[in-house]
Amino acid sequence: MAATKTVLVVGGTGECGPDDDAAEVRGLLSCVTARLDESWTPRWIPYPAGYGTPTSYDESADIGRARLWTALWDTLDNTDGPIALLGYSQGAAIVGDVCHTVGHATTLFGHTTARIVAVGLFSDPHRNRGEIVGPDIGGEGISGPRGPWGSLGGVVSSFCAPGDVICSTDPDTSVLNLVFDLTSQITSRHPLRSAQQALAKVQVRPKGSMFPELSLGIPGVRWAAGRVGNTVRLV
């Protein structure tokens with residue numbers, strides 16, 4: 001069995017497709033893998049990294065997670081070396097979700113979780129507050145924090161650039177979080193169904209929960225508008 005060092009790489013929305021060559025890392029993270037020495041073997045995870053054209057974000061992420069699990073299992077069974085994982089944006093959400101599950105599991109397909117030696121998340125939509133390499137820029141991931149990493153807590157590194165609202169949304173600004181929540185199931189293949197799903201999400205929310213700031217009256221409206229304006233100017 002090979003003692004290869006393997007890095008599993010998951011790109012962001014629009015960076016990859018379901019039929020990509022797994023041996024060729026693309027997009028932003030290719031700049032990271034290009035700096036690794038020859039002892040590491042990068043493995044690109046092909047998936048339909050979309051946001052509604054035509055695959056919805058949620059469906060795309062489900063496929064990405066399934067393919068990453070398969071690649072992780074295959075790597076564990078067929079190599080003896082250490083494993084690292086990298087993800088950018090939607091890919092960071094996928095890698096983070098898989099690693100969060102691994103960190104709270106007692107076994108990993110019959111292997112020890114110690115095989116995973118490093119996890120790098122770039123622009124993670126689920127970044128935990130205060131979890132960042134470098135100065136803390138505040139906020140948290142636009143989809144809400146993921147929570148503690150369990151046994152992988154010591155190997156996860158999260159990177160978030162100043163002004164990146166995907167990983168540093170102001171938690172007091174509910175509008176951006178709402179927009180992401182309502183659009184994550186949109187797909188150009190089924191526009192009517194997408195609209196119905198978004199409407200259903202609105203209907204099940206308690207009255208006032210989508211924009212809690214508005215319960216403060218005119219002062220709340222002004223305060224919320226200022227928060228949104230500050231965030232939008234950073235985009």
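Bear in mind that the values here come from a model prediction, so they are computed numbers and not experimental data.

Engineer: For the pattern of salt bridges, give the residues involved together with the corresponding values.
Structural biologist: Any two side chains of opposite charge can pair, so long as their charged atoms come close to each other. The full count for this structure, using the stated rule, is 7 salt bridges. Ionic pairing is found between aspartate 97 and arginine 65, a salt bridge with its closest N-O pair at 3.0 Å. On the criterion of sequence distance, the pair formed by aspartate 97 in helix H3 (residues 90-103) and arginine 65 in helix H2 (residues 57-78) is long-range, its members being 32 residues apart. Residue classification places arginine 65 among the partly exposed residues on the basis of a relative accessible area of 23%. For aspartate 124, the salt bridge is made with arginine 146, and the minimal N-O distance between the two is 2.7 Å. Here aspartate 124 is found in the loop between strand E4 (116-122) and strand E5 (156-159), whereas its partner arginine 146 is found in the loop between E4 and E5, with 22 residues between them in sequence. Taken as a pair, aspartate 124 and arginine 146 share a single burial class, namely buried.

Engineer: Break down unusual backbone geometry for me, citing the residues and quoting the values.
Structural biologist: For serine 89, which is not glycine, the phi torsion reads 55° and is therefore positive. Structurally, serine 89 is set in the loop between strand E3 (83-88) and H3. Notably, serine 123 is not glycine yet its phi reads approximately 60°, a positive angle. Inspection of the secondary structure puts serine 123 in the loop between E4 and E5.

Cut-offs and rules
- Residues numbered from 1 in each chain as written.
- Predicted model: local features only at pLDDT ≥ 70, side-chain atom pairs only at ≥ 80, totals over all residues.
- Heavy atoms only, no water.
- Salt bridge = Lys/Arg side-chain N within 4 Å of Asp/Glu carboxyl O.
- Helix = DSSP H or I, 4+ residues; strand = E, 2+ residues; numbered from the N terminus.
- Buried < 20%, exposed > 50% of the residue type's maximum accessible area, 1.4 Å probe, protein only.

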